[in-house]
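# Results of the structural survey
Here are the chains, one letter per residue:
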Amino acid sequence: MNISDSEIVASIMKDAYLTQTTDMKEADVIFMNTCSIREHAEQRVRKRLSELRSLKKKKPGLLVGVLGCMAERLKDQLLLEEKVVDIIAGPDSYRDLPKLLDIAGEGQKAINVILSADETYADINPVRTGSNCLSAFISIMRGCENFCAYCVVPYTRGKERSRVPETILNEAKNLFKNGYREITLLGQNVNSYKWKSDNAEMDFPDLMKSIASIDSRLRVRFATSHPKDLSDKLLMTIAELPNICRSIHLPVQSGSTKILKLMNRKYSRESYMERIEAIRKYIPECSISTDIICGFSSETDEDHNDTLSLMEWAKFDYAFMFKYSERPDTLAAKKYKDNVAEEIKSQRLNDIIALQQKLSLESNKSDIGKTFEVLIEGESHKSKDFLSGRNSQNKVIIFPRKNFKAGDYVDVKVLRCTPATLIGEDV
Ligand code: SAM
Ligand code: SF4
């Protein structure tokens, strides 16, 4: 989401006649697009800001802006704490950046952290910075109102709002015309995408269907789905259209119903399992990945074991795994104690990572002998003689280069694997 937002900012800057540089020393303006999801993310931004101090001493006119969630969360407090910062802009105020730059250019501190109920940057054509010219993100909605107890997002990114479908469709069509072959539709909870006008209505499955119908060579992915909103209609739509990728990211967070309730996730262990069964029923070849938080308030060994057993049962192909990090002003920070000791959080995270490595390897081993259609992304990092791409399940596959090139689709038979990669040859 931050990559996608930075592409929107790059477009706004381009319209204001600023050009991009990859050399920080050359820059007259440096923007840092920030994340507040865990304390660690914020600490990294603070470290980067301290590195900019010496650069600014050498180049006094340099302007530094902090954008995104950390700007929104800390507001003018950040200006007091980090003297190097000139501009603070929350996630809904990027259109205001040229004005904020003018103010800062005159030597004043500039800030806009007003959240909007309807800003979706629908008309802005993102500059695809650092893209491989094959895969692109399209943001289809912004904000979140789920208020999971641990999460800062509803406070930093504001109310949930969906983008006008025509603008999404046009962006996807243009990307395809320009050679892109894979788009990922982004939102904090894409399943609750909903657009209503006087005479029409569109939900997420309808939107995906219209995008997938642009061309069968355009792959469509999406992230993230909330388990409480993963409908059968969506699963049936994916099953029906082969170019909607067979890969669902369905964050579980915990395998314990008690903890899920405290987290305000609005589903139980059992109802999550029922959704996994539904995915397996409608799309048997689908890969499933997840997010897991360990050490949430009052999590016992038994709750932790519930998470491990659910992981074993679901056989996740991949997972993002985190230690709970208490975030100021969230429901959990106000209502519960961060009372799982750091060493226990670390131990539980190690258990979870070890189990996931085993599950990922098992999942990859079960692919040996199977043939997948691979969209080639480019050269393999490890060898010039191999190309690398992904299958519909979002697994990385490498295979001998021959005469293939980035952007081609090729059928690859898997011969061996590591926990992270499938290795094969074209058939
Ligand atoms: N909207 C997505 C959902 O609900 O599935 C998740 C978005 S969040 C940016 C990505 C992940 O960060 C979450 O799924 C959760 O696992 C993790 N996360 C969020 N808040 C956290 C916290 N306070 N401590 C640790 N991990 C956290
Ligand atoms: Fe955060 Fe929950 Fe919203 Fe995801 S659904 S962004 S975890 S509040």
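Above: the structure in question.
Calculation notes
- Residues numbered from 1 in each chain as written.
- Chains lettered and ligands numbered in written order.
- Predicted model: local features only at pLDDT ≥ 70, side-chain atom pairs only at ≥ 80, totals over all residues.
- Heavy atoms only, no water.
- Phe/Tyr/Trp six-rings, centres within 6.5 Å; stacked < 30°, edge-to-face > 60°.
- Helix = DSSP H or I, 4+ residues; strand = E, 2+ residues; numbered from the N terminus.
- Buried < 20%, exposed > 50% of the residue type's maximum accessible area, 1.4 Å probe, protein only.
- Near = heavy atom within 4 Å.
- Nonpolar A, V, L, I, M, F, W, Y, C, P; charged D, E, K, R; others polar.
- Pairing = 2+ DSSP bridges.
- Axes fitted to C-alpha atoms, helices over the stretch in contact; angles between N-to-C directions.
- 1 Å grid on protein atoms, 1.4 Å probe; cavity = no way out; pocket = protein on both sides within 12 Å on 5 of 7 lines; lining within 4 Å.
- Points joined across faces, edges and corners; volume = space filled by probe spheres on them.
- Core = buried A, V, L, I, M, F, W, Y, C linked by side-chain atoms within 4.5 Å.
- Polar contact = N/O pair within 3.5 Å; in protein donor to acceptor, adjacent residues only side chain to side chain.
- Areas by Shrake-Rupley, 256 points an atom, 1.4 Å probe, with all protein chains shown as cover.
- Salt bridge = Lys/Arg side-chain N within 4 Å of Asp/Glu carboxyl O.
- Parallel < 35°, antiparallel > 145°, perpendicular 65-115°, else oblique.
- Contact = heavy atoms within 4.5 Å.
- Expected span 1.5 Å × (residues − 1).

### A short note on the packing of aromatic side chains
- One pass over the structure, following the stated rule, counts ten aromatic pairs.
- Relative to Phe-296, the ring of Tyr-150 has its centre 6.3 Å away and its plane inclined at 85°; by these criteria the two rings are edge-to-face. Highlighted residues: Tyr-150 in the loop between β6 (141-142) and α6 (153-157) and Phe-296 in the loop between β13 (287-294) and α12 (301-314), separated in sequence by 146 residues.
- Its relative accessible area of 0% is what places Phe-296 among the buried residues.
- Each residue in the set Tyr-150, Phe-296, Tyr-324 and Tyr-336 is aromatic and connected to the rest through ring pairs, giving one cluster.

### Overview of the site of ligand 2
- The full set of residues close to ligand 2 is Cys-144, Asn-146, Phe-147, Cys-148, Tyr-150, Cys-151, Val-153, Pro-154, Gln-188, His-226 and Arg-265.
- For the shell around ligand 2, the class distribution of residues is seven nonpolar, three polar and one charged.

### A closer look at the sheet that holds strand β16 (residues 386-390)
- Taken in spatial order, the five strands line up as β15-β16-β17-β19-β18 and close into a barrel, and their pairing is mixed. The average undirected angle you get between the axes of adjacent strands in this sheet is 55°.
- Sheet topology note: the strand β17 (residues 396-400)/strand β19 (residues 421-426) ladder contains three bridges and is parallel. Across the sheet, Ile-397 pairs through a bridge with Leu-422, a residue of β19.

### Looking at the layout of surface pockets
- Here the second largest pocket defines a volume of roughly 310 Å³.
- If you trace the second largest pocket, you find 16 residues lining it, with Asp-317, Ser-363, Ser-366, Asp-367 and Lys-395 closest to the centre.
- Split by residue class, the lining of the second largest pocket holds four nonpolar, four polar and eight charged.

### With respect to the nonpolar core
- In this structure, Ile-140, Leu-185, Phe-204, Met-208, Ile-211, Phe-222 and Ile-248 are the most contacted members of the largest nonpolar core, which totals 54 residues.
- Within the second largest apolar cluster, 19 residues are counted, among which are Leu-62, Val-64, Leu-78 and Val-84.

### Some words on the site of ligand 1
- Around ligand 1 sit 15 residues in total, of which Gln-188, Pro-251, Gln-253, Asp-291 and Ser-325 are the nearest.
- In the environment of ligand 1, a nitrogen atom lies 2.7 Å from a nitrogen or oxygen atom belonging to the backbone of Gln-188.
- Contact between ligand 1 and Asp-291: an oxygen atom at 2.5 Å from a side-chain N or O atom of the residue.
- Look at ligand 1: alone it shows 570 Å² of surface, and the protein chains cover 89% of it.
- Among the secondary structure elements, those contributing two or more residues to the shell around ligand 1 are β13 and β14 (318-323).
- For the shell around ligand 1, the residue count by class is six nonpolar, four polar and five charged.

### Considerations on the pattern of salt bridges
- Taken as a whole, this structure holds 43 salt bridges when the rule is applied.
- Glu-182 is the partner of Arg-221 in a salt bridge, and the nearest nitrogen-oxygen pair spans 2.9 Å. Pair noted here: Arg-221 is in strand β11 (residues 219-223) and Glu-182 is in strand β8 (residues 182-186), with a separation of 39 residues, a long-range link. You'll find Arg-221 and Glu-182 in the same group, each marked buried.
- Between Lys-209 and Glu-240 there is a salt bridge, and its shortest N-O distance comes to 3.1 Å. Here the residue Lys-209 occupies a position in helix α8 (residues 204-212), and Glu-240 occupies one in helix α9 (residues 232-240), the gap between them amounting to 31 residues.
- Given a relative accessible area of 34%, Lys-209 falls into the partly exposed group.
- Judged by its relative accessible area of 49%, Glu-240 falls in the partly exposed class.
- Several salt bridges converge on common partners, so that one network encompasses Asp-5, Asp-92, Arg-142, Arg-157 and Arg-161.

### Focus on the packing of α12 against helix α14 (residues 342-365)
- One can describe the packing of α12 onto α14 by two numbers: an axis separation of 10 Å at closest approach and a directional angle of 10°. Considering their axes alone, α12 and α14 lie roughly parallel with respect to each other. For the pair α12 and α14, contact is made by Asp-301, His-304, Thr-307, Leu-308, Met-311 and Glu-312 and by Arg-348, Asp-351, Ile-352, Leu-355, Gln-356, Lys-358 and Leu-359, respectively.
- Of the residues in the contact of α12 with α14, the class split is five nonpolar, three polar and five charged.

### A closer look at the pairing of β17
- When β16 meets β17, the two strands line up antiparallel, connected through five bridges. The residue of β17 that forms the bridge with Leu-387 is Phe-399.
- The hairpin formed by β16 and β17 contains five residues between the paired strands, and Asn-394 there has a positive phi angle of roughly 75°.

### Regarding empty space enclosed by the protein
- Enumeration according to the criterion identifies one cavity of 30 Å³ or more in this entry.
- The space that makes up the largest cavity amounts to roughly 70 Å³.
- What lines the largest cavity is Ser-4, Ile-8, Thr-120, Tyr-121, Ile-124, Pro-126, Phe-137, Ile-138, Ser-139, Arg-163 and Glu-171.
- For the lining of the largest cavity, the secondary structure elements donating two or more residues are α1 (2-15) and β5 (135-139).
- A per-element tally of the lining of the largest cavity places β5 first, with three residues.
- The class makeup of the residues in the lining of the largest cavity is six nonpolar, three polar and two charged.

### Observations regarding helix α11 (residues 269-282)
- The end-to-end C-alpha distance of α11 is 20 Å, a good match for the 20 Å that 14 residues give at a rise of 1.5 Å each.
- Among the residues making up α11, those that are buried are Arg-269, Tyr-272, Met-273, Arg-275, Ile-276, Ala-278 and Ile-279.
- Where the residues of α11 are buried, they touch α9, β12 (247-249), α10 (257-262), β13 and α12.

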